[in-house]
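# Examining the three-dimensional arrangement
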Amino acid sequence: MEILADKLRPTCLAEVLGQQHLVGSNKILSNLVKNKKIFSMILYGKPGIGKTSIAYALVNELNLRAKFMNATSNNKSDFDAAIAEAKLNGELVLIIDEFHRMNKDKQDILLPHIEKGTIILIGLTTSNPYHKINPAIRSRCQIFELKELTKDDIIKGLNRAMKFLPKIKVSTEALNYIANLASGDIRFALNLLEVCYYSSEDKQIDLSLVQEINNKPAFFHDANEDGHYDVLSALQKSIRGSDVDASLHYLARLIEAGDLDSIFRRLSVIAYEDIGLANPGIGPRLMAAIHAADLVGLPEARIPLGEIVIEMALSPKSNSAIMAIDEALNDIHKGNTGNVPNHIKTTSPDYKYPHNYKNDYVKQEYLPANLKNRRYYQMKPNKVEINLNNLHKEMKGEK
């Protein structure tokens, strides 16, 4: 039996939920369809936000021959067969799910055919392709990041789905609860709606029925319907504000929702944005805690996560690093770059090698001439940065 999520698979980009930065009017993918052209690409983002839907919509609208495969379940002979089919027909769009799990042998098989255009690749992945995908494949593909679906996107998808479910009636509270519980995953929302529908004798779905089927606390939901991002924001602001108890409260809410990936990502940002150089050892310690939490899984993951959040909240804070890199990026965005000084270019004979000098330091200019004396980093008065600054002055012979 075809599941509801498959029945609702978009046949064109206009039916895709969200992703207006890619499929909206005059946006990249819409214009590809308009111009009847497609290129190899990688679509990446969280599960259930439309990667597969966009791939299917593209090939359907362009009326292209396509084959759907999975990097883990399809073996080398399957890919050989797909290549043979592509050669026979002149071109084949190969949609490969879980592309980040594709081993090097399979990638090497595809590479020359992607290069020639015999195979048009659409790789689907939940992992950042800049970290997980072979650079040789990556350089031959356009990379598009999909954004998380909003609650309104999910409700729109649920309302569309109800047309396929005769006599269904869903209360506003139940609809909002399903949308909140989905955390941006439309597949999850549709599957839950379908289970509720077939679990109800009269096809009337209210909040109590949804909670009876899935009573896990909603990732978004509380008495005030705070959003997922509000809770993550509250966690960051509580740690930044050095409030240990509030930090643990928001961590607990996120742990109860079970989305460890969001916790890992946000804590990684906090470690470098808010604690930074005031406690540079926090980054490696956080990575160790994340590894331990990932290794043991829930519920034990709460232990290393609780410990590291307490340490992060109690830690001294500094945002000097993020302020410095943002200032440098601001110059780049304004076009304030200039030429690399001749004496530090790759083949320069005039470069002074600092390790040949006292204290491993020699005075020479590193910034482009038009940025001479530009200062991005501004020290914060904490023990670590004061010590680093003093060591820097001592190295330069200024102390």
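Keep in mind that this is a model prediction, so the values were computed, not measured. (Residues numbered from 1 in each chain as written. Predicted model: local features only at pLDDT ≥ 70, side-chain atom pairs only at ≥ 80, totals over all residues. Heavy atoms only, no water.)

Before going further, it helps to examine the overall build of the chain. When helices and strands are counted, the chain shows 19 helices and 7 strands. In terms of overall dimensions, the chain has C-alpha extents of about 80 × 60 × 40 Å along its principal axes. Across the 399 residues of the chain, 44% fall into the buried class. Intrachain contacts of the chain at a sequence separation of at least 6 include 74% that bridge at least 24 residues. For the chain, the accessible area works out to roughly 21,900 Å², and carbon and sulfur atoms hold 51% of it. Positive and negative side-chain charges in the chain, numbering 50 and 48 respectively, have mean positions lying 7 Å apart. (Helix = DSSP H or I, 4+ residues; strand = E, 2+ residues; numbered from the N terminus. Buried < 20%, exposed > 50% of the residue type's maximum accessible area, 1.4 Å probe, protein only. Contact = heavy atoms within 4.5 Å. Areas by Shrake-Rupley, 256 points an atom, 1.4 Å probe, with all protein chains shown as cover. Lys, Arg positive; Asp, Glu negative; His and termini not counted. Charge placed at Lys NZ, Arg CZ, Asp CG, Glu CD.)

Another point: the sheet that holds strand 4 (residues 119-125). Read from one edge of the open sheet, 5 strands run 2-3-4-1-5, paired in parallel fashion. Strands with a single pairing partner mark the edges of an open sheet, and in this sheet they are strand 2 (66-70) and strand 5 (142-145). Across the sheet, the mean angle separating the axes of adjacent strands is 20° when strand polarity is ignored. By the bridge criterion, 4 bridges tie strand 1 (residues 41-44) to strand 5 in an arrangement that is parallel. For Met 41, the partnering residue across the bridge sits in strand 5 and is Gln 142. (Pairing = 2+ DSSP bridges. Axes fitted to C-alpha atoms, helices over the stretch in contact; angles between N-to-C directions.)

Once that is clear, we can look at helix 19 (residues 383-395). An ideal rise of 1.5 Å per residue puts 18 Å on 13 residues; helix 19 measures up with 18 Å between its terminal C-alpha atoms. Phi for Gly 397, located one or two positions after helix 19, is positive at around 75°. (Expected span 1.5 Å × (residues − 1).)

A surface patch of negative charge is lined by Glu 173, Glu 201, Asp 202 and Asp 206. In this fold, Asp 202 is placed in the loop between helix 11 (186-199) and strand 7 (204-205). (Patch = residues over 30% accessible without salt bridge, like charges linked within 9 Å, V, L, I, M, F, W, Y side chains within 5 Å. Salt bridge = Lys/Arg side-chain N within 4 Å of Asp/Glu carboxyl O.)

A few words now on helix 6 (residues 104-116). Between its first and last C-alpha, helix 6 extends 19 Å over 13 residues, near the 18 Å set by a 1.5 Å rise per residue. Every buried residue of helix 6 is accounted for by Lys 106, Gln 107, Ile 109, Leu 110, Leu 111, His 113 and Ile 114. Where helix 6 is buried, its residues contact helix 5 (76-89), strand 3 (92-97), strand 4 and helix 8 (135-138). Positive backbone phi, approximately 90°, marks Gly 117, located one or two places after helix 6.

Relative to the helices and strands, Thr 72 resides in the loop between strand 2 and helix 5. Distance from Thr 72 to Asn 103, taken between C-alpha atoms, is 8.7 Å for residues 31 residues apart in sequence. Among all residues touching Thr 72, those that are not within four sequence positions of it are Glu 98 and Arg 101. Only 2.5 Å separates the side chain of Thr 72 from the side chain of Asn 70, close enough to count as a polar contact. (Polar contact = N/O pair within 3.5 Å; in protein donor to acceptor, adjacent residues only side chain to side chain.)

With that settled, the discussion passes to a nonpolar patch on the surface. On the surface, Tyr 351, Tyr 353 and Tyr 366 cluster together into a nonpolar patch covering about 320 Å² of accessible area. Mapped onto the elements of the fold, Tyr 366 is located in the loop between helix 18 (320-333) and helix 19.

So, about the confidence of the model for the chain. Per-residue pLDDT for the chain averages 88, and the proportion of residues at 70 or more is 95%. Element-level pLDDT for the chain is lowest in helix 7 (residues 129-132), with a mean of 74, against a maximum mean of 97 in helix 17 (residues 302-314). Counting contacts from residues 218-226, a segment whose pLDDT is below 50, to residues more than four positions away or on other chains yields 24 contacts. (pLDDT = per-residue confidence, 0-100.)

The geometry of helix 5 relative to helix 6 is characterised by a closest axis approach of 10 Å and an angle of 10° between their N-to-C directions. Taken as axis vectors, helix 5 and helix 6 run roughly parallel relative to one another. Listed contacts from helix 6 to Lys 76, Phe 79, Asp 80, Ile 83 and Lys 87 of helix 5 are Lys 106, Ile 109, Leu 110 and His 113. Partitioning the contact of helix 5 with helix 6 into residue classes produces 4 nonpolar, 1 polar and 4 charged. (Parallel < 35°, antiparallel > 145°, perpendicular 65-115°, else oblique. Nonpolar A, V, L, I, M, F, W, Y, C, P; charged D, E, K, R; others polar.)

Two numbers describe how helix 15 (residues 260-275) lies on helix 17: the axes approach to 12 Å, and their chain directions differ by 20°. What the angle tells us is that helix 15 and helix 17 run roughly parallel. As for how helix 15 packs across helix 17, the hand of that crossing is left-handed. Counted together, Leu 260, Ile 263, Phe 264, Leu 267, Ile 270, Ala 271 and Ile 275 of helix 15 and Leu 305, Ile 308, Val 309 and Met 312 of helix 17 form the full contact between these two elements. Counted by class, the contact of helix 15 with helix 17 contains 11 nonpolar, no polar and no charged residues. (Left-handed = near helix turned anticlockwise from the far one by under 90°.)

Neither face of strand 1 is exposed, since Met 41 and Leu 43 on one face and Ile 42 and Tyr 44 on the opposite face are all buried. When strand 1 meets strand 4, the two strands line up parallel, connected through 4 bridges. If you follow Leu 43 over to strand 4, its bridge partner there is Leu 124.

In terms of nonpolar packing, the biggest core is built from 54 residues, with Leu 13, Leu 29, Met 41, Ile 54, Ile 122, Leu 193 and Ile 205 touching the most fellow members. Ignoring anything within four residues of it in the chain, the contact list for Ile 205 reads Ile 168, Lys 169, Val 170, Ser 171, Ala 174, Leu 193, Cys 196, Tyr 197 and Val 210. Counting 24 residues, the second largest nonpolar core, distinct from the first, contains Phe 264, Ile 282, Leu 305 and Met 312. (Core = buried A, V, L, I, M, F, W, Y, C linked by side-chain atoms within 4.5 Å.)

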